[in-house]
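Chains, contacts and geometry: an overview
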Amino acid sequence: MTDEAQAPGWDSIEAAFGAVYGEAGREHRAPQLAQQPPAAGGVLNGISAYRARDYWHFVTFGLTDLFVRTSGDHRDPSGFGHELTLITPRGDGPPQWAFDLLLGTARVCVTHSRPFHAGARLAPGAPVDGASSKLLALGLREDPVVTPSDFPFGRYVLLQAVGVTDMEYRLMQRAGTLTVLDALARRDPLLRTDPERG
């Protein structure tokens, strides 16, 4: 984001994460030059990764209104009404596959012009890390760590994408996405997406 740009929506996301993590250890990647809406063919304005003691916490910028209100009034959702988050195990730096996974997931939302919601799931596809992981699908829940509190362009939520195996995805189809994620959270409340799991 350029220093000159006024971005109340962007600021509200950063404030929510800053309240939990501060500014230390934040890394930001910009898939394209910041503008709202994104340039033709673009999906997001950026993705940030916040370093915690034993995990990375990622968040997208661009599925909500960042710079101006695009439609409706402040009682309506901001943009799609959500940004996506992802939690991964801590390494030396935030893994590139996590940025790629969030960008690809956001592309599904934008391409189909359909917002996600807690309890949604994305069908099995390629491994989440683009390599050999057995995590082949995603389930979505409200992020349990960071909650936005400032809504300059309408309300929005943070939805955590959680990598799951094909078997877990099939169980989600029968029992419900949130039921399966709640069961997995008994082992790891943060529901880190770890490509080595499974």
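So, how was this worked out
Residues numbered from 1 in each chain as written. Predicted model: local features only at pLDDT ≥ 70, side-chain atom pairs only at ≥ 80, totals over all residues. Heavy atoms only, no water. Helix = DSSP H or I, 4+ residues; strand = E, 2+ residues; numbered from the N terminus. Buried < 20%, exposed > 50% of the residue type's maximum accessible area, 1.4 Å probe, protein only. Contact = heavy atoms within 4.5 Å. Phe/Tyr/Trp six-rings, centres within 6.5 Å; stacked < 30°, edge-to-face > 60°. Lys NZ or Arg CZ within 6 Å of the ring centre and 35° of its normal. Pairing = 2+ DSSP bridges. Axes fitted to C-alpha atoms, helices over the stretch in contact; angles between N-to-C directions. Parallel < 35°, antiparallel > 145°, perpendicular 65-115°, else oblique. Nonpolar A, V, L, I, M, F, W, Y, C, P; charged D, E, K, R; others polar.

The name given to the protein chain in an unreviewed UniProt entry is Suppressor of fused-like domain-containing protein, and the organism recorded there is Paraconexibacter sp. AEG42_29.

1. Points about the side chain of Ser133
Residue position: Ser133 is located in the loop between strand S5 (121–122) and strand S6 (135–142). For Ser133, a relative accessible area of 5% translates into the label buried. The contact partners of Ser133, leaving out residues within four places of it in the chain, are Pro127, Val128 and Pro195.

2. Concerning the packing of aromatic side chains
The way to describe two aromatic rings as a pair is by their centre distance and the angle between their planes. Considering all chains together, one arrives at seven aromatic pairs under this definition. Aromatic side chains Phe58 and Phe99 sit 5.1 Å apart centroid to centroid with 85 degrees between the ring planes, which places their arrangement in the edge-to-face category. Here the residue Phe58 occupies a position in strand S3 (residues 55–61), and Phe99 occupies one in helix H2 (residues 96–112), the gap between them amounting to 41 residues. With respect to class, Phe58 is no different from Phe99; both count as buried. For the ring pair Phe151 and Tyr156, a centre distance of 5.6 Å and an interplane angle of 75 degrees mean the geometry is edge-to-face. A single burial state applies to Phe151 and to Tyr156, both of which are buried. Chaining the aromatic ring pairs together yields one cluster made of Phe17, Tyr21, Tyr50 and Tyr55. In this arrangement the basic side chain of Arg90 is found over the ring face of Trp56, its NZ or CZ atom lying 6.0 Å from the centre. The ring of Phe151 carries Arg155 above its face, with NZ or CZ at 4.1 Å from the centroid.

3. Details of the sheet that holds S3
As summarised here, the arrangement of the seven strands in space is S1-S2-S3-S4-S7-S6-S5, forming an open sheet in which the pairing is mixed. Strand pairing shows two members of the sheet lacking a second neighbour, strand S1 (27–29) and S5, which therefore form its edges. Note that S5 and S6 share two bridges and pair antiparallel. Within S6, the residue paired with Leu122 across the bridge is Leu138. Set on the sheet, helix H1 (residues 8–21) makes contact with S1, strand S2 (46–51), S3, strand S4 (77–89) and strand S7 (155–165); between it and S3 the angle comes to about 170 degrees. Of the strands in this sheet, S5, S6 and S7 touch helix H4 (residues 177–185), which is tilted by about 95 degrees from S6.

4. Concerning the packing of helix H3 (residues 166–175) against H4
It is the contact of H3 with H4, at a shortest axis distance of 7 Å, that shows an interaxial angle of 130 degrees. Judged by the angle between their axes, H3 and H4 are oblique. Taking contact as the criterion, the partners of Glu168, Leu171, Met172 and Ala175 in H3 are, on H4, Thr177, Thr179, Val180, Leu181 and Leu184. The residue makeup of the contact of H3 with H4, split by class, is six nonpolar, two polar and one charged.

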